[in-house]
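Read off the chains here:
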Amino acid sequence: MPDAEAGWMRVGVGNYDGSGSDSAYYNGSANIAQITYEQIAAVCGDDVSTWGARMQCEASGAWEVYSVKVGTAAEMKAVKGLVNFEGFATSGDGWSQDGFDMTEEILAALVPGSVVTITYSSENGDIWIVMPDAEAGWMRVGVGNMDGSGSDSGVYDGTTCQITYEQIAAVCGDDVSTWGARMQCESSGAWEVYSVSIGTAAE
């Protein structure tokens, strides 16, 4: 934050300003970093109006930033009664899709309050569920989606993503029988999905 009233401030992973904010989160693939308001406030003060009008990025080696966004922290949900989508392991290049037909067991697990958990890696950190045969049309749901459903609030950390029944229903409708028989995954960069499971969110 070069123009903060407190002075030039560096905040985040590996910072050198003594603020302790070098505990900022970054994922195992080292392609997503998350820095909290509290970590910035620790060096710039609680009043955002004193932070200056400019935000910059820096690293100790060559670097490239693809996107920056701000949201409210959400926690991964604990789930119970897990049903594994057997054999759901696949990969693809950016904007390619692949997946599998949903079994009766998977369709039966998709009920209000259920959560789809995807373990994955992706070049850009995002991952989506695609329901290609839904009666409502081809639908993308999940982290970073572009369908206007608001379901980009799905929770993810670059290795695990959780998408709720309600987020899928927001674009595909409440009747699971209209979602089509196939679930696919997609990302904006090269990606790999290791597993998909469905469970009910624990209280």
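Residues numbered from 1 in each chain as written. Predicted model: local features only at pLDDT ≥ 70, side-chain atom pairs only at ≥ 80, totals over all residues. Heavy atoms only, no water.

Caption draft 1: Structural context of the overall build of the chain. Within the chain one finds three helices and twelve strands. Taking all 203 residues of the chain together, the buried fraction comes to 40%. Counting only contacts in the chain whose residues sit at least 6 apart along the sequence, the fraction spanning at least 24 positions is 69%. (Helix = DSSP H or I, 4+ residues; strand = E, 2+ residues; numbered from the N terminus. Buried < 20%, exposed > 50% of the residue type's maximum accessible area, 1.4 Å probe, protein only. Contact = heavy atoms within 4.5 Å.)

Caption draft 2: Structural view of the side chain of Q184. Relative to the elements of secondary structure, Q184 occurs in strand β11 (residues 182-186). Accessibility expressed as a relative area gives 10% for Q184, which makes it buried. Separated by 2.9 Å, the side chains of Q184 and Q97 make a polar contact. Among all residues touching Q184, those that are not within four sequence positions of it are F88, Q97, D98, G99, W128, I129, V130 and P132. (Polar contact = N/O pair within 3.5 Å; in protein donor to acceptor, adjacent residues only side chain to side chain.)

Caption draft 3: Fine view of the packing of aromatic side chains. Tallied over the entire structure, the rule returns five aromatic pairs. With centroids separated by 5.1 Å and ring planes inclined at 70°, the aromatic side chains of F88 and F100 adopt a geometry described as edge-to-face. Here F88 is found in the loop between β3 (79-84) and β4 (90-92), whereas its partner F100 is found in strand β5 (residues 97-101), with twelve residues between them in sequence. Within the aromatic cluster, the residues linked to one another by ring pairs are F85, F88 and F100. (Phe/Tyr/Trp six-rings, centres within 6.5 Å; stacked < 30°, edge-to-face > 60°.)

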